[in-house]
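# Observations on the three-dimensional arrangement
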Amino acid sequence: MEDPSAIEFGLDTFGDVTVGEDGTALPYAQVIRNVVEQAVLADRLGVDAFGVGEHHRDDYAISSPEIVLAAIAAKTERIKLGTAVTVLSSDDPVRVYERFATLDAISGGRSEIILGRGSFTESFPLFGFDLADYDRLFSEKLDLMSHLLTEGPITWSGSVRPPLTDQQVYPKTESGRIRASIGVGGSPESVVRTAQYGLPLVLAIIGGEPARFAPYVDLYHRALKELEQPEQPVAVHCPGFVAATDDEAIDVLWPHARRMLDRLGRERGWPRTTKDRFVADVTEGAWHVGSPETVAQKIAATVRALGIQRFDLKYAHGTLPHERLMTCVELYGTQVIPRVRELLAA
């Protein structure tokens, strides 16, 4: 087991539109301000990283994560600031680099990019891309992004945007490179591609027992070795929620998670979520939900099973109110993380 003090612990949110005390949805502007407040608390409590997702639909408030992260950067001191994820397929890699290099300057070198396809497709028609080009868009843009990360002159050509010849891109970062990784949902091809580019791997585990993903971690390390790439860290992103007790965590989270999961189910043809199924996912699956001790025990088991270097808890779910999210952040920073380190050191 790696030194427990070296393992990082983060928090992720998509800026889900939450409800106020009267049960009505908060304005998008207030949701965004609340996310900033949650990140400031996480920084003060010593959480290592804070990730903000990118979405372009009515149930999420954040479509420009870099701007939100810049606001957070101005109010924090040490926490790493990244995306969960940047939907590279429907963006321009040059602009992605420029925005994150700017964030890196504002934050004093704390910016991170998690590059991915995203789990939603609404950005494709919004920005004029054809879903038939789904694979080609990501493949080519990831290749261009790998060149941009070197911060040297870029010569590149492909079919999804005009070529670049000996082109410089600005601003340059102080360190010479933005931290970047690739988020994957669990396909072997995506894992191997991450290794081909020599980038860190982030596994998004949103269903099933986390230990089932161990073969993907093994595949990644084998591929790095065979491709003669240096060893890279592996991170995991899992849903979860912390409250004072196990019963309280489930009782508070369930109605909000149900609405969120049922909406996704209607869009994707999934069956309606039952509470028994949800509790089973909490007990045996990817959801890390419960009291600080319960969540710490499950995170420690996930870290041990996968041999990962970072664990990110996706703590915001549907309309779960801001006050509950703040309590979750506080318990995660003050009780869960220290307890996980104790368990891993034992």
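Note: the structure precedes this text.
Let me begin by describing the structure that accompanies this report.

So, how was this worked out
- Here, residues in each chain are numbered from 1, in the same order as that chain's written sequence.
- Per-residue local features are limited, in this predicted model, to residues with pLDDT of at least 70; the limit for side-chain atom pairs, both in listing and counting, is 80 or more; totals at the level of whole chains, interfaces and linings are taken over all residues.
- The side-chain quantities take in all heavy atoms of the structure and omit both hydrogens and water.
- Helical segments are the DSSP runs of H or I of at least four residues, strand segments are the runs of E of at least two, and each set is numbered from the N terminus.
- Only the C-alpha atoms count toward the radius of gyration. The rule for a globule is 2.2 Å times the residue count to the power 0.38.
- Partly exposed residues are those whose accessible area sits between 20% and 50% of the maximum for their type, while under 20% is buried and over 50% is exposed, using a 1.4 Å probe and protein chains only.
- Calculation of accessible area relied on Shrake-Rupley with a 1.4 Å probe; when residues are assessed, cover is drawn exclusively from the protein chains displayed.
- Residues scored as charged are limited to Lys and Arg (positive) and Asp and Glu (negative), so that His and the chain ends carry no count.
- To locate a charge, take atom NZ for lysine, CZ for arginine, CG for aspartate or CD for glutamate.
- In this analysis, a patch consists of residues with relative accessible area above 30% that form no salt bridge, clustered at 9 Å for like charges and at 5 Å for the nonpolar side chains Val, Leu, Ile, Met, Phe, Trp and Tyr.
- In what follows, salt bridge is the name for a side-chain nitrogen of Lys or Arg lying within 4 Å of a carboxyl oxygen of Asp or Glu.
- Contacts are assigned to residue pairs with any non-hydrogen atoms lying within 4.5 Å of each other.
- Any pair of Phe, Tyr and Trp rings, taking the six-membered ring for Trp, is counted once the centres come within 6.5 Å. Such a pair is stacked with planes under 30 degrees apart, edge-to-face with planes over 60 apart, and tilted for the rest.
- Only lysine NZ and arginine CZ atoms are considered, and such an atom sits over a ring when it is within 6 Å of the ring centre and within 35 degrees of the ring normal.
- Pairing between two strands is assigned when DSSP locates at least 2 bridges connecting them.
- We call a crossover right-handed when, viewed with the strands running away from us, the connection from the first strand over the helix to the second turns clockwise.
- In protein, a polar contact means a hydrogen-donor-capable atom and an acceptor-capable atom, both N or O and within 3.5 Å, with residues adjacent in sequence counting only if both atoms are side-chain atoms; elsewhere, any N or O pair within 3.5 Å suffices.
- Note on geometry: axes are C-alpha line fits, over the in-contact stretch for helices, and angles between N-to-C directions span 0 to 180 degrees.
- Each helix crossing is assigned a hand: it is left-handed if the near helix lies turned anticlockwise from the far helix by less than a right angle, otherwise right-handed if that turn is clockwise.
- Three classes are used, and their members are as follows: Ala, Val, Leu, Ile, Met, Phe, Trp, Tyr, Cys and Pro are nonpolar, Asp, Glu, Lys and Arg are charged, and the others, Gly among them, are polar.

## A short note on the overall build of the protein chain
Scanning the protein chain for helices and strands turns up 11 helices and 12 strands. In terms of overall dimensions, the protein chain is globule-like: its C-alpha atoms have a radius of gyration of 19 Å, near the 20 Å expected for 346 residues. In the protein chain, which comprises 346 residues, the proportion classed as buried is 55%. Accessible surface, the protein chain: about 14800 Å² in total, of which carbon and sulfur atoms supply 52%. Considering the protein chain, the positive charge centre built from 35 side chains and the negative charge centre built from 49 side chains are found 2 Å apart.

## A word on a negative patch on the surface
A cluster of like negative charges, contributed by E21, D22, E37 and E323, occupies part of the molecular surface. Looking at the element boundaries, E37 is found in helix α1 (residues 28-44). Judged by relative accessible area, which is 39%, E37 ranks as partly exposed.

## Some points on the environment of W270
In this structure, W270 sits in the loop between α8 (246-268) and α9 (275-284). W270 has contacts with L261, L264 and G265, leaving out every residue within four places of it along the chain.

## Some points on unusual backbone geometry
Cis rather than trans, the peptide bond between A84 and V85 has omega equal to 5°. Among the structural elements, V85 can be located in the loop between β3 (80-83) and β4 (86-87). The amide bond that connects Y170 to the next residue, P171, takes the cis arrangement and shows omega of 5°. Locating P171 in the fold gives a position in the loop between β7 (164-167) and β8 (179-184). Positive phi, close to 60°, is recorded for E228, a residue that is not glycine. Summarising the element assignment, E228 is placed in the loop between α7 (214-226) and β10 (234-242). Judged by relative accessible area, which is 73%, E228 ranks as exposed.

## Describing the packing of aromatic side chains
In the structure shown here, the tally under the stated rule is seven aromatic pairs. Ring-pair connections join several aromatic residues into one group, and the members of that group are F14, Y60 and F120. Between K172 and the ring centre of Y170, over which it is positioned, the NZ or CZ distance is 4.9 Å. Over the face of the ring belonging to F14 we find K314, whose NZ or CZ atom lies 4.5 Å from the ring centre.

## Description of the pairing of β3
In this structure, strand β2 (residues 49-52) lies alongside β3, joined through four bridges in parallel fashion. The residue bridging F50 from the neighbouring strand is L81, located in β3. Each parallel crossover has a hand, and for β2 linked through helix α2 (residues 65-75) to β3 it is right-handed.

## Quick look at the pairing of β8
Pairing geometry for strand β5 (residues 112-116) and β8, over four bridges, is parallel. The partner of I114 across the bridge, within β8, is S181. Bridging between β8 and strand β9 (residues 201-204) involves three bridges; their strand directions are parallel. Within β9, the residue paired with V184 across the bridge is L203. Between β8 and its parallel partner β9, the chain crosses via helix α6 (residues 188-196), and the hand of that crossover is right-handed.

## What about the pattern of salt bridges?
Taken as a whole and judged by the stated rule, the model has 25 salt bridges. With a shortest N-O distance of 3.7 Å, R310 and E8 are connected by a salt bridge. Linking R310 in strand β12 (residues 310-314) with E8 in strand β1 (residues 8-13), this pair joins segments that are 302 residues apart in sequence. Note that R263 is salt-bridged to D59, the shortest N-O span being 3.9 Å. One end of the pair, R263, is in helix α8; the other, D59, is in the loop between β2 and α2, with 204 residues separating them in the sequence. Among the charged side chains, a salt-bridge network with shared partners connects E8, K80, E112, R179, R310 and D312.

## Some remarks on the environment of D312
Tracing the chain through its elements places D312 in strand β12. Separated by 263 residues in the primary sequence, D312 and A49 have C-alpha atoms spaced 8.0 Å apart. In this structure, D312 is in contact with F9, G10, L11, D12, V236, H237 and C238, ignoring residues within four places of it in sequence. Within the local environment of D312, its side chain forms a polar contact with the backbone nitrogen of G10, the two atoms lying 3.2 Å apart. In this structure the side chain of D312 is engaged in a polar contact, spanning 3.0 Å, whose partner is the side chain of R310.

## As for the packing of α6 against α7
Angle between the axes and distance between the axes: these two values describe a pair of packed helices. Running from N to C, α6 and α7 point in directions that differ by 35°, and their axes come no closer than 8 Å. You can see that α6 and α7 cross each other, and the crossing is right-handed. Between α6 and α7, the contacting residues are P188, V191, V192, T194 and A195 on the first element and Y216, L219, Y220, A223 and L224 on the second. Of the residues that constitute the contact of α6 with α7, the class distribution is nine nonpolar, one polar and no charged.

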